[in-house]
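Structural features, examined
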Amino acid sequence: MSGIQKKVKNTMSIASKRYNIDSYILLDLDKVLDDAYSSFRPVSADYNTRKELVKNLNAMAIDIFGNISLVVFFILLSSTNIHIQ
């Protein structure tokens, strides 16, 4: 067991004693967190959609601003209120 694992185990032990946490509740919480992570994790279709969006945004930028470098486009984009995540 690594140092980090020992520290986590010790912290969990202290927390469960201090706050009277039932280990079964922690197992349920772990399952809920795993399910939430799995449901929000991107799938390949999300990457394809994002790639298509970027391609369309690039085409729009060329239509609006002409054939300028992408650096200038992102400078213009960052000066607006549009945020791409």
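About the thresholds
Within each chain, residues carry numbers counting from 1 in the order of the written sequence. At least 70 in pLDDT is required for a residue's local features to be given in this predicted model, at least 80 for side-chain atom pairs to be given and counted, and no such filter applies to totals for whole chains, interfaces and linings, which use all residues. As a rule here, side-chain values come from all non-hydrogen atoms in the structure, and water together with hydrogens is ignored. Note on conventions: DSSP H or I runs of at least 4 residues are helices, E runs of at least 2 residues are strands, and numbering of each starts at the N terminus. For each residue, the accessible area found with a 1.4 Å probe, counting protein chains only, is set against the maximum for its type, and the residue is called buried under 20%, exposed over 50%, and partly exposed in between. Working definition of accessibility: Shrake-Rupley area with a 1.4 Å probe, residue cover restricted to the visible protein chains. By definition here, a helix of n residues has an expected span of 1.5 Å times n minus one. Residues form patches when they are more than 30% accessible in relative terms and have no salt bridge. Like charges link within 9 Å. Nonpolar side chains (Val, Leu, Ile, Met, Phe, Trp, Tyr) link within 5 Å. The rule for a salt bridge is simple: a side-chain nitrogen of Lys or Arg has to be within 4 Å of a carboxyl oxygen of Asp or Glu. Confidence scores here are pLDDT values: one per residue, from the predictor, ranging 0 to 100.

**As for the overall build of the protein chain**
Of the regular secondary structure elements, the protein chain holds four helices and zero strands. Going from the N terminus to the C terminus, the protein chain shows its helices and strands as α-α-α-α. In the protein chain, buried positions account for 4% of the 85 residues. Element-wise, carbon and sulfur atoms account for 62% of the exposed surface of the protein chain, whose accessible area totals about 8,000 Å².

**Let's talk about helix H3 (residues 44-65)**
Compared with an ideal rise of 1.5 Å per residue, which puts 22 residues at 32 Å, H3 spans 31 Å between its outermost C-alpha atoms and is within 8% of the ideal. Two residues or fewer after H3 comes Gly 66, characterised by a positive phi angle close to 85 degrees.

**Brief notes about a nonpolar patch on the surface**
A surface patch of nonpolar side chains, about 300 Å² in accessible area, is lined by Ile 4, Val 8 and Met 12. Locating Ile 4 in the fold gives a position in helix H1 (residues 3-18).

**Some remarks on the confidence of the model for the protein chain**
The share of residues in the protein chain with pLDDT of 70 or more is 76%, and the mean pLDDT across the chain is 77. Within the protein chain, the lowest mean pLDDT, 66, falls on helix H4 (residues 70-78), and the highest, 86, falls on H3.

**Quick word on H1**
Over its 16 residues, H1 runs 22 Å from end to end, which matches the ideal 22 Å to within 8%, given 1.5 Å per residue. Phi turns positive, to about 55 degrees, at Asn 20, one or two residues after H1.

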